Amino acid sequence: MNAIKKILTPVSNALDKVCSALIVFMLGAMVIVTGAQIVCRTWFTALSWSDEVTRYLLIWSTFLGATVVYRHNGHISVTLLQDAVSPKLAKALRVLVHVICFVLFAVLLHYSNLYCLKLKKTATAMPIKMKYIYSCIPVSMAINMVHSLLMTAEEATKEVKG
């Protein structure tokens, strides 16, 4: 397990930093595009593509944001059972949760990848294939798989207190 942690920690940390930077960039771009749309709509001609760009940036930032939050254990969790059992069993439950998450991410990666590869549609207002928009799902699932492997290894090697 320590070998897995040694390999995956820098990979997971790099992915986390890249995703965080991309999210900041995308949110900034959303503010700029939306601001430009307001200005153009008020004093000039409305931008036909701004709503679509903002929507797609929001979709990508949401999925990438989910990877960052997962890596930092920021998602809501119900720990009633975990709190009620012994520390050793609670540790096993946490490991099991990360293993189940890994399986879920793998299934979502597989089916979202199949969907993206079949998708031939183009965006409404812009000449961009929708498969590039929807590819945020397989990308984020692959990142989450790396995070879940690392988090499983980290949890499995933690010392049990109590």
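Cut-offs applied
- Residues numbered from 1 in each chain as written.
- Predicted model: local features only at pLDDT ≥ 70, side-chain atom pairs only at ≥ 80, totals over all residues.
- Heavy atoms only, no water.
- Helix = DSSP H or I, 4+ residues; strand = E, 2+ residues; numbered from the N terminus.
- Rg over C-alpha atoms; globule rule 2.2 N^0.38 Å.
- Buried < 20%, exposed > 50% of the residue type's maximum accessible area, 1.4 Å probe, protein only.
- Contact = heavy atoms within 4.5 Å.
- Areas by Shrake-Rupley, 256 points an atom, 1.4 Å probe, with all protein chains shown as cover.
- Lys, Arg positive; Asp, Glu negative; His and termini not counted.
- Charge placed at Lys NZ, Arg CZ, Asp CG, Glu CD.

A count of helical and extended segments in the protein chain gives six helices and zero strands. Walking the protein chain from its N terminus toward its C terminus, one meets helices and strands in the order α-α-α-α-α-α. In terms of C-alpha radius of gyration, the protein chain reaches 20 Å, well past the compact-globule figure of 15 Å for 162 residues. For the protein chain, the spread of C-alpha atoms along the three principal axes comes to 65 × 35 × 30 Å. Per-residue burial over the protein chain gives 33% buried out of 162 residues. When contacts within the protein chain are restricted to residue pairs at least 6 apart in sequence, long-range pairs at least 24 apart make up 79% of them. Just so you have it, the protein chain exposes about 10,300 Å², and 71% of that area is on carbon and sulfur atoms. With 16 positive and 7 negative side-chain charges, the protein chain shows a spacing of 7 Å between the two charge centroids.

Moving on: unusual backbone geometry. Glycine aside, negative phi is the norm for most residues, and most peptide bonds take the trans geometry. Residues other than glycine seldom take positive phi values, yet Asn73 does so here, at roughly 55 degrees. With respect to the helices and strands, Asn73 occurs in the loop between α2 (50-71) and α3 (80-84).

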